[in-house]
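Notes for the structure review
Letter by letter, the chains look like this.
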Amino acid sequence: MLYVRLDGHEWSFAPGRKLGVGRDPQADVRLDDERVSREHVRIWHSNGRWWVADHASRNGTWVVGADQAMDGPVPVVHGGLRLRLGALDGPELLLSTEQPEKPATHRVLTIGRSCSCDVVVEDPLASRRHATVELDEHTAVLHDAGSFNGTFRNGERIQEAEPLRPGDVIGVGSTSLTWDGTDVRAAPAPPPVFSARHLEVTTRTGAHLLDDVSITARAGALVAVIGPSGAGKSTLLGALTGLRPATRGHVTWNGRDLYAEYAQLRFLVGLVPQDDILHRQLTVRRALQFAARLRLPPDTTAAERDERVQEVLAEVGLTAQIDQRIDSLSGGQRKRTSIALELLTAPRLLFLDEPTSGLDPGLDRQVMRSLRSLADAGRVVLVVTHSVLALDECDRVLVLARGGRVAFFGPPVDVLPFFGVDDYPAAFAALEDRTWVGRYARSPARDAYVGRTSSAVVPVPAADAPPPPRAAPVRQLWTLIRRNAAVVAADRLFVVLLVGMPMLLALMAHAFPGEAGLSVSEARGDLHQIQLRLIVLVVGAALMGTAISVRELVVERPIYRRERAVGLSPGAYLVSKVVVLGVLVAGQCVVFTVLALVGLPGPDDALALGNGHVEVAAAVAAVGVTMTVAGLAVSAAATSTEQTMPALVVLVMAQLILCGGLFPVEGRAGLEQVSWVLPARFGYAATAATVGIQRPPAPDVDPLYDPTAQQWLVDLGLLGVQSLVFLALAAWALHRSATRNAWR
């Protein structure tokens, strides 16, 4: 016998055939190391001895103790042979013809994506080393190995060591394994079935949005949901995906309850909302690469991410468009790109809300054929649609009547005959007759395609879906910052406005009369011209900060809602916006200040930073950044982009009127209190302090203008406090926006 040991693992082989060692998944001894070739070493038995030879490997094989790589067959001698593969510090292989001493019965099984694991899981959501099972003579204990998506036992995420019993289901990513008492094995795989039973959604007022909806679909089925407006199609989508569980009923996948085991089964679900979940300024490749960074485990290499992107694009037929900007794709191609994004995590259940909305008949058919091929790959694909042009591509059609009640469920060829009509408009008209719901309930189609169960035994879901795990927020933050920067750089019009706005505002600033600039001594008592320039600087910064951010979150709301549902950290998302937009606005404000003061005298003295120009630019930039955060709060609260422009006008006008430069607001009841929530109030105060418009013999107008370093720092500190308040408001509004009318 030959005994082979590697990294705590042991194999034994009898004479009779050649053995292979390498990275090849079919190798007798498999190693997961880039330095090792796919077929690195060959081992065979001849003339009563075991022999080893390098199999023309790329990096060679060394006998431990030798000073050069193997150049021919080497026998396994008494006492054993130690080899290093791929390098002198490569993985060490110990070969022996003697039975090694039996270690203690304690051993550890590793589970993960890496080929070196004892149980290899080919799942993009699994970490390289995802979980372990510690074994001794009488017990088996499951541990999570610091995985990205967690390890589950019988549908519940484990937080610490959990004992295993025969029959327990181990969840790794979207893969289910079973513990049979001696080993971890793939779960039994009968044809998977997706089923919903007696779903009801009732509002607080008692109105039924869904009423006793039941469907069944086997893996490989394409199901269409049609019906008039107000029939509850999108409500059904929320219930089937688990994002908004039904108030009564249950949804199962292969017999496992989606609501009860949502923490794990959520990985099986992919959802493509009606609105595109893509940044259209990016290329297809970059958009999917950023999505892969956010959704796949952190230990996924760049090469693995690229490979996964290539795979999903090939699956939806977009390989040729991989380097094309998304905004240059056709409507059907954009929708298929959204589908490809969801396929990155290899979902078994794919749901789509109105994927053909706004497409011409040709593109409608093209998208439905793509969905047909996705279902044929072993998924359940369910599509909510108003279009009936390509229903013949589907296996089942669910017809919902008003009130969310099932009027028919079965093959598309049976829909029109069931209603006794010749076309779908006539079928929709027939749904005004509410007796069709009862006719279907008593029809053979109900028994043939759904079956019958008693609604009396259906459990009631306990609550809404739990929030997904928010893993690696710092990593997410860095990815989101990079994505935001890439989106900005790819938006040509945005870049032009970003560069042009401070130049245009600076040009207008030079239209004001007077040559004193910001110098009190040069003004010779005429402080009005200095005040006007400070107002222009501060209000201009407020305008730039608000303009750059007031549409940012409301435009991206469909993207944010979907990414939040699959684990995006809301904090990382919001902070990434503040970082990128804040840096851009700060740069705009500095350029604006410099250009607006070109050829004009600056402040006579400095208070805190040693240079008056720098202090004014810092205060102006602080106003711009604070207004950027305020703009994000407005954007998070807005329900449409149309609401943002009036809000921008109101915000900027308030800064102009109540900044304190046009007229004193100190001591004016009501106005003074309102001004304290406006960044321009403290920005103007900080610039006024630096310039010294209140320096004796000038009269004291406002204590915020005192020309001292301490007061200047207080003014900027108050801007910082405002930024934090606006950030908290933005976070609250962002949370509200994700939970209010989340899916149309």
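Residues numbered from 1 in each chain as written. Predicted model: local features only at pLDDT ≥ 70, side-chain atom pairs only at ≥ 80, totals over all residues. Heavy atoms only, no water.

Here we take up the sheet that holds strand 2 (residues 9-13). Within the open sheet, the 5 strands sit side by side as 2-1-10-9-7. Their pairing is antiparallel. At either end of the open sheet lies a strand with only one pairing partner, and these are strand 2 and strand 7 (61-63). The sheet shows a mean angle of 25° between the axes of neighbouring strands, taken without regard to direction. Two strands pair when backbone bridges link them, and strand 1 (residues 2-6) and strand 10 (residues 92-96) are joined in this way by 3 bridges, in the antiparallel orientation. In the strand pairing of strand 10, Y3 is matched with S96. (Pairing = 2+ DSSP bridges. Helix = DSSP H or I, 4+ residues; strand = E, 2+ residues; numbered from the N terminus. Axes fitted to C-alpha atoms, helices over the stretch in contact; angles between N-to-C directions.)

For the rest of this paragraph, the subject is empty space enclosed by the protein. As enumerated under the stated definition, the model contains 4 cavities of 30 Å³ or more in all. Of the voids in this model, the second largest cavity is the one considered here, and its volume is about 90 Å³. Listed by contribution, the elements that provide at least two residues to the lining of the second largest cavity are helix 3 (284-295) and helix 16 (557-565). In terms of residue class, the lining of the second largest cavity is made up of 7 nonpolar, 2 polar and 3 charged. (1 Å grid on protein atoms, 1.4 Å probe; cavity = no way out; pocket = protein on both sides within 12 Å on 5 of 7 lines; lining within 4 Å. Points joined across faces, edges and corners; volume = space filled by probe spheres on them. Nonpolar A, V, L, I, M, F, W, Y, C, P; charged D, E, K, R; others polar.)

In terms of domains, the protein is made up of domain 1 (2-96), domain 2 (107-186), domain 3 (193-277 + 350-450) and domain 4 (480-738). Averaged C-alpha coordinates put domain 3 and domain 4 at centres separated by 50 Å. Across the contact, 8 residues belong to domain 3 and 4 residues belong to domain 4. Summed over both sides, the interface of domain 3 with domain 4 buries roughly 500 Å², with 60% coming from carbon and sulfur. The largest per-residue losses of area from domain 3 upon contact with domain 4 belong to L243, L271 and I277, which jointly make up 56% of the total buried on that side. Run the count over domain 3 and domain 4 and you get 0 salt bridges. Connecting domain 3 to domain 4 are 1 residue pair in polar contact (both at pLDDT 80 or more). Partitioning the side of domain 3 that touches domain 4 into residue classes produces 4 nonpolar, 1 polar and 3 charged. (Domains from an automatic or database assignment. Contact = heavy atoms within 4.5 Å. Buried area = accessible area lost by both parts, 1.4 Å probe. Salt bridge = Lys/Arg side-chain N within 4 Å of Asp/Glu carboxyl O. Polar contact = N/O pair within 3.5 Å; in protein donor to acceptor, adjacent residues only side chain to side chain.)

Take the UniProt feature "transmembrane region" (unreviewed entry) in the protein next. Mapped onto this structure's residue numbering, the UniProt feature "transmembrane region" (unreviewed entry) falls at residues 493-512, 532-550, 571-596, 616-638, 645-665 and 712-734. Secondary structure within residues 571-596 divides into 100% helix and 0% strand; the distance between the first and last C-alpha atoms comes to 36 Å. Helix and strand shares over residues 616-638 are 96% and 0% respectively, and the end C-alpha atoms of the span are 33 Å apart. (UniProt positions renumbered as here; feature names shortened; annotations may be inferred.)

Tallied over the entire structure, the rule returns 36 salt bridges. Between D33 and R35 there is a salt bridge, with the nearest N and O atoms lying 3.1 Å from each other. Judged by its relative accessible area of 18%, D33 falls in the buried class. We classify R35 as partly exposed; its relative accessible area is 29%. Two residues, E304 and R128, come together in a salt bridge whose shortest N-O distance is 3.1 Å. Of the two residues, E304 is situated in helix 4 (residues 302-315) and R128 in the loop between strand 12 (119-120) and strand 13 (131-135); the sequence distance between them amounts to 176 residues. Using a relative accessible area of 25% as the deciding quantity, one classes E304 as partly exposed. Since its relative accessible area comes to 26%, R128 is described here as partly exposed. Residues participating in the shared-partner salt-bridge network are D32, R113, R128, D299 and E304. (Buried < 20%, exposed > 50% of the residue type's maximum accessible area, 1.4 Å probe, protein only.)

Across the chain, the bulk of peptide bonds are trans and the bulk of non-glycine residues have phi less than zero. Although it is not a glycine, A346 sits at a positive phi angle of roughly 55°. On the secondary structure map, A346 appears in the loop between helix 5 (331-343) and strand 27 (349-353). Overall, the relative accessible area of 24% leaves A346 in the partly exposed class. With a phi close to 50°, E354 is a non-glycine residue in the positive phi region. Topologically, E354 is positioned in the loop between strand 27 and helix 6 (361-376). Overall, the relative accessible area of 7% leaves E354 in the buried class.

This part is about the sheet that holds strand 8 (residues 74-75). Spatially, 4-3-5-6-8 is the arrangement adopted by the 5 strands of the open sheet, whose pairing is mixed. In this open sheet, the two edge strands, each paired with only one partner strand, are strand 4 (29-30) and strand 8. Taken together, the 6 bridges between strand 5 (residues 41-46) and strand 6 (residues 49-54) define a ladder with antiparallel strand orientation. From the neighbouring strand, R42 faces strand 6, where its bridge partner is A53.

With that out of the way, let us pick up helix 3. Its 12 residues place the ends of helix 3 16 Å apart at the C-alpha level, agreeing with the 16 Å of an ideal helix rising 1.5 Å per residue. Among the residues of helix 3, those classed as buried are V284, A287, L288, F290, A291, A292, L294 and R295. (Expected span 1.5 Å × (residues − 1).)

Below, the discussion takes up the packing of aromatic side chains. Tallying each qualifying case throughout the model produces 11 aromatic pairs. Aromatic side chains F152 and F267 sit 6.2 Å apart centroid to centroid with 70° between the ring planes, which places their arrangement in the edge-to-face category. Here F267 lies in the loop between helix 2 (262-265) and strand 26 (269-272) and F152 lies in strand 15 (residues 151-153), a separation of 115 residues in the sequence. No difference in accessibility class separates F152 from F267, as the two residues are buried. Judged by centre distance (6.3 Å) and plane angle (65°), the rings of F408 and Y440 are edge-to-face. Of the two residues, F408 sits in strand 30 (residues 405-410) while Y440 sits in helix 9 (residues 435-441), which places them 32 residues apart along the sequence. Classification of F408 as buried rests on a relative accessible area of 1%. Connected via pairs of aromatic rings, a cluster forms that spans F408, F418, F419, W436 and Y440. The cationic tip of R439 hangs over the ring face of W436; the distance from NZ or CZ to the ring centre is 4.0 Å. (Phe/Tyr/Trp six-rings, centres within 6.5 Å; stacked < 30°, edge-to-face > 60°. Lys NZ or Arg CZ within 6 Å of the ring centre and 35° of its normal.)

Within strand 21 (residues 193-202), 8 of the 10 residues are buried, leaving the element largely enclosed by the surrounding structure. From the end of strand 21 to the start of strand 22 (residues 208-218), which pair antiparallel, there are 5 residues, and G206 there has a positive phi angle of about 95°. Direction of pairing for strand 21 relative to strand 24 (residues 248-253): antiparallel, over a ladder of 5 bridges. Bridge pairing links E200 to R248 in strand 24.

A separate point is the UniProt feature "domain: ABC transporter" (unreviewed entry) in the protein. Residues annotated by UniProt as "domain: ABC transporter" (unreviewed entry) correspond here to residues 194-428. Secondary structure over residues 194-428 splits into 33% helix and 25% strand, and the C-alpha atoms at its two ends are 27 Å apart.

Attention shifts here to the environment of L296. Positionally, L296 belongs in the loop between helix 3 and helix 4. Measuring from C-alpha to C-alpha, the distance between L296 and L581 comes to 27 Å, with 285 residues separating the pair along the chain. Those residues in contact with L296, other than ones at most four positions away along the chain, are P124, L125, F148, R305, R308, L344, T345 and R475.

Right, let's get into a nonpolar patch on the surface. A grouping of V495, V499, M503, V590, V591, V594, L595 and V598 is seen on the molecular surface, where their side chains present a nonpolar patch of about 600 Å² in accessible area. Listed by contribution, the elements that provide at least two residues to the nonpolar patch are helix 12 (492-509) and helix 17 (570-596). No other element matches the 4 residues that helix 17 contributes to the nonpolar patch. On the basis of relative accessible area, L595 is assigned to the partly exposed category, the value being 32%. (Patch = residues over 30% accessible without salt bridge, like charges linked within 9 Å, V, L, I, M, F, W, Y side chains within 5 Å. Areas by Shrake-Rupley, 256 points an atom, 1.4 Å probe, with all protein chains shown as cover.)

Turning next to the packing of helix 21 (residues 679-691) against helix 22 (residues 709-739). Following both chains from N to C, one finds helix 21 and helix 22 inclined at 160°, their axes separated by 8 Å at the closest point. With respect to helix 22, the element helix 21 is oriented roughly antiparallel. Handedness of the helix 21/helix 22 crossing: left-handed. Only W712, D715, L716, L718, L719, Q722 and F726 of helix 22 make contact with helix 21, whose side of the interface consists of P679, F682, G683, A685, A686 and T690. Per-class residue counts for the contact of helix 21 with helix 22 are 9 nonpolar, 3 polar and 1 charged. (Parallel < 35°, antiparallel > 145°, perpendicular 65-115°, else oblique. Left-handed = near helix turned anticlockwise from the far one by under 90°.)

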